[in-house]
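So you can see what is in the structure, the chains are spelled out below.
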Amino acid sequence: MSMGKQELWTDRAPVAVGEYSQGLRVGDFVFVSGQIGRDPATGELAEGIEEQTARTLENILAILEAGGATLDDVVKSTVHLKDMSLFQAFNRVYGTYFSPPKPVRTTVGSFLPKALVEIDVIAYSPLNRLTKRDE
């Protein structure tokens, strides 16, 4: 099987608003672009850090699934918080989405124009596992 880039797209996550893909599968890896807590059906941003974190992770899950992966396959996440004072509330929700061993993570304070949180992930999901699932 080719190691080329395969674009991932799902209507269960917000449409990309720039020149980027929602996600890519490259070999055994799935890369998900930075997602925010925007509802894909309404385009509205969820209220509050806990709600935005949950919606963001649901958007990420939808893109991972489009690439044949799950949150259990995530090995690395990068989190941008509008304000680091939101960390504890964010972390409470974030922790409920991942099983041990949890992915490695970098969390930074960032300028985000509207959203309170943005998350991107990298997942390891071997193609041979997908083939075995499909059989």
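Whatever comes next refers back to the structure up there.
Residues numbered from 1 in each chain as written. Predicted model: local features only at pLDDT ≥ 70, side-chain atom pairs only at ≥ 80, totals over all residues. Heavy atoms only, no water.

## So, the pattern of salt bridges
Defined as follows: Salt bridge, as applied in this entry: a Lys or Arg side-chain nitrogen positioned within 4 Å of an Asp or Glu carboxyl oxygen. Secondary structure follows DSSP: runs of H or I at least 4 residues long count as helices, runs of E at least 2 residues long count as strands, and numbering of each begins at the N terminus. Burial status follows relative accessibility: with a 1.4 Å probe on protein chains alone, a residue under 20% of its type maximum counts as buried, one over 50% as exposed, and anything between as partly exposed.
Going through the model one piece at a time under the given rule, you end up with 2 salt bridges. The closest approach of N and O atoms between Arg 12 and Glu 65, which form a salt bridge, is 2.8 Å. One end of the pair, Arg 12, is in the loop between strand 1 (5-8) and strand 2 (23-26); the other, Glu 65, is in helix 1 (residues 49-66), with 53 residues separating them in the sequence. By relative accessible area, Arg 12 is classed as partly exposed at 42%. A salt bridge links Arg 92 to Glu 50, with the nearest nitrogen and oxygen atoms 3.2 Å apart. With a gap of 42 residues between them, Arg 92 in helix 2 (residues 87-96) and Glu 50 in helix 1 connect regions that are remote in the sequence. Arg 92 sits in the exposed class, given a relative accessible area of 52%. We classify Glu 50 as partly exposed; its relative accessible area is 34%.

## What about the packing of aromatic side chains?
Note the following rule: Stacked, edge-to-face and tilted labels apply to pairs of Phe, Tyr and Trp rings (six-membered ring for Trp) whose centres lie within 6.5 Å, assigned for plane angles under 30 degrees, over 60, and everything in between, in that order.
One pass over the structure, following the stated rule, counts 5 aromatic pairs. Judged by centre distance (6.3 Å) and plane angle (35 degrees), the ring pair of Phe 29 and Phe 31 falls under tilted. Of the residues examined, Phe 29 reaches a relative accessible area of 35% and is grouped as partly exposed. Seen from their ring centres, Phe 90 and Tyr 94 are 5.3 Å apart, and the 45 degrees between their planes marks the pair as tilted. Residue Phe 90 and its partner Tyr 94 are both found in helix 2; the two are separated by 4 residues, about one turn of the helix. Across the pair, Tyr 94 and Phe 90 agree in class, each one buried. Members of the aromatic cluster, each reached through a chain of ring pairs, are Phe 87, Phe 90, Tyr 94 and Phe 98.

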